Amino acid sequence: MSHERASWGSKLGLILASAGSAVGLGNLWRFPYVAGQNGGGSFLLLYLICTFTIGITLVFAEAALGVKTKSDPAGAFGKIHPRLKFIGVLGVLTSAVIVPYYSVVGGWIVAYIVKSFSVSEIQNFESHFTEFSADPVEPVAYFAVYLLTTAAVVYMGIEKGIEKYCKIIMPGLFVLLLALMVRVLTLDNAWQGVKFFFTPDFSKITAATMLNAMGQVFFSVSVGMGIYITYASYVKNDDISVGQTMGRVIFLDTLVSMLTGLTIFPAVFAFGMQMNAGPALTFITLPKIFAAIPFGTFFGLVFFVILFGAALTSSISLMEVVTTFLCDQVKMTRKRAVAAYTALCLVTGTLVSLSFGRLSGFKIGGKILFDQFDFLASNILMPAGGFLTAVAIGWVLGADKLTVSQNRYVQKSFEFCLKWICPAGVLAIMLNALGMI
Ligand code: PHE
């Protein structure tokens, strides 16, 4: 499979595929609800600090390693030292935890799209989202549709379509998000949402908020599981500037989250809704906004179709990690690998979906299965992957062996952050959250 995708255009291909992986439900669904639960402005501050220290450094490191080694994650770490191969394998495990619940949310989007064709159904969906997600059959069926769509794309191979497809999706997403934001900001009380989003309340900064902000950064930029190693390994010419290329991806990802925050929070205040609605937040606020604009049903449909596309490019990247691994390391054929992995996700995802209803009583550490999967992937596995990546590249290989920029200041800051800030920061935040420091 590596030679199939060996030929991205080069810089643009890498930017688009990476942005496709980064921009997704993490920005439009996860960011606002986690920020809402963690104090708004103070969360935003921690999130931005984390993005432009730990997040950006690790993305640069992964991409630079991919360009240098031209290998999948396990192979790339194996080239640093054979014992380090397991860091790449950890990414596979992380993906297997994310895909099931990511696809449950993807299924909610499919449901919205299908239901928006019938006025009575969509009105029902708006006001009854909680009941919908708790139903034992409907959301499970939509989840299966979403998962099988992802699987179909990965099954057929994505290399021909993804560049073109991202070129349409990304600008479309921006334009619609901007339009929505402008509409929401002109509603009564909307500014209170802006205030909530931008005013840090330092008393809300706790060990748990810091862990949540860091988890959000890892999830949102897709870092800590080798996705950028994989994607960057398909760049032909080595003289690309990793810093410039991947810097754009981080910028785009952060921008989409900011625009989403500036849309969802004002809407929460304007419509007098609850800030801490959890995973349902985007799904109950957006329909309200659409109901308040002319041709709202139409725009709602277009928006959710775009959201579906943005989510799909992310779940494709997630499924690719496992598929590549099964093909290269377990020597399965691509078709078998996708089939086996999809079957596994169908089972786990069904359980995750049911955790909003039938299985809601089944809790581990006070969290339903959905939250448990999300917590495990974003707050534990990805940061752990990031920590190991920083140690492996920063110390075992040596940060100065990778060039991310010709600018001396950028290069030196990268090396410093990779060796010191990333490992120490991740470790401190995790130990702090565990109550150990
Ligand atoms: N970054 C993606 C999003 O924001 C999710 C993702 C996480 C994708 C990890 C790949 C790996 O939706």
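A quick note: this is a predicted structure, and the numbers were derived from the prediction, not measured.

1. Notes on the environment of D253
In step 1: Mapped onto the secondary structure, D253 falls in helix 13 (residues 242-270).
In step 2: A C-alpha to C-alpha distance of 33 Å links D253 and V119, two positions 134 residues apart in sequence.
In step 3: Apart from the residues lying within four places of it in its own chain, the contact partners of D253 are A22, V23, N27, Y47, S220 and V221.

2. Looking at the site of the ligand
In step 1: Lining the immediate environment of the ligand, one finds 17 residues, of which A22, G26, Y102, F219 and S222 sit closest.
In step 2: In the environment of the ligand, a nitrogen atom lies 3.2 Å from a nitrogen or oxygen atom belonging to the backbone of S21.
In step 3: Within the contact set of the ligand, a nitrogen atom lies 2.8 Å away from a backbone nitrogen or oxygen of F219.
In step 4: For the ligand, whose accessible area on its own is 320 Å², the fraction buried by protein is 100%.
In step 5: Because more than half of its atoms lie within 2 Å of the grid, the ligand is assigned to the largest cavity.

3. A word on the pattern of salt bridges
In step 1: As enumerated under the stated definition, the model contains six salt bridges in all.
In step 2: Between K115 and E138 there is a salt bridge; the shortest N-O distance is 2.8 Å. Here E138 lies in helix 8 (residues 138-156) and K115 lies in helix 5 (residues 85-115), a separation of 23 residues in the sequence.
In step 3: Given a relative accessible area of 9%, K115 falls into the buried group.
In step 4: We classify E138 as partly exposed; its relative accessible area is 30%.
In step 5: Its salt-bridge partner being E415, residue K412 comes within 3.6 Å of it at the nearest N-O pair. Of this pair, K412 and E415 both sit in helix 18 (residues 408-433), separated by three residues, roughly a single helical turn.
In step 6: With a relative accessible area of 44%, K412 lands in the partly exposed category.
In step 7: What makes E415 buried here is its relative accessible area of 12%.

Parameters and conventions
- Residues numbered from 1 in each chain as written.
- Predicted model: local features only at pLDDT ≥ 70, side-chain atom pairs only at ≥ 80, totals over all residues.
- Heavy atoms only, no water.
- Helix = DSSP H or I, 4+ residues; strand = E, 2+ residues; numbered from the N terminus.
- Contact = heavy atoms within 4.5 Å.
- Near = heavy atom within 4 Å.
- Polar contact = N/O pair within 3.5 Å; in protein donor to acceptor, adjacent residues only side chain to side chain.
- Areas by Shrake-Rupley, 256 points an atom, 1.4 Å probe, with all protein chains shown as cover.
- 1 Å grid on protein atoms, 1.4 Å probe; cavity = no way out; pocket = protein on both sides within 12 Å on 5 of 7 lines; lining within 4 Å.
- Sits in = over half its atoms within 2 Å of the grid points.
- Salt bridge = Lys/Arg side-chain N within 4 Å of Asp/Glu carboxyl O.
- Buried < 20%, exposed > 50% of the residue type's maximum accessible area, 1.4 Å probe, protein only.

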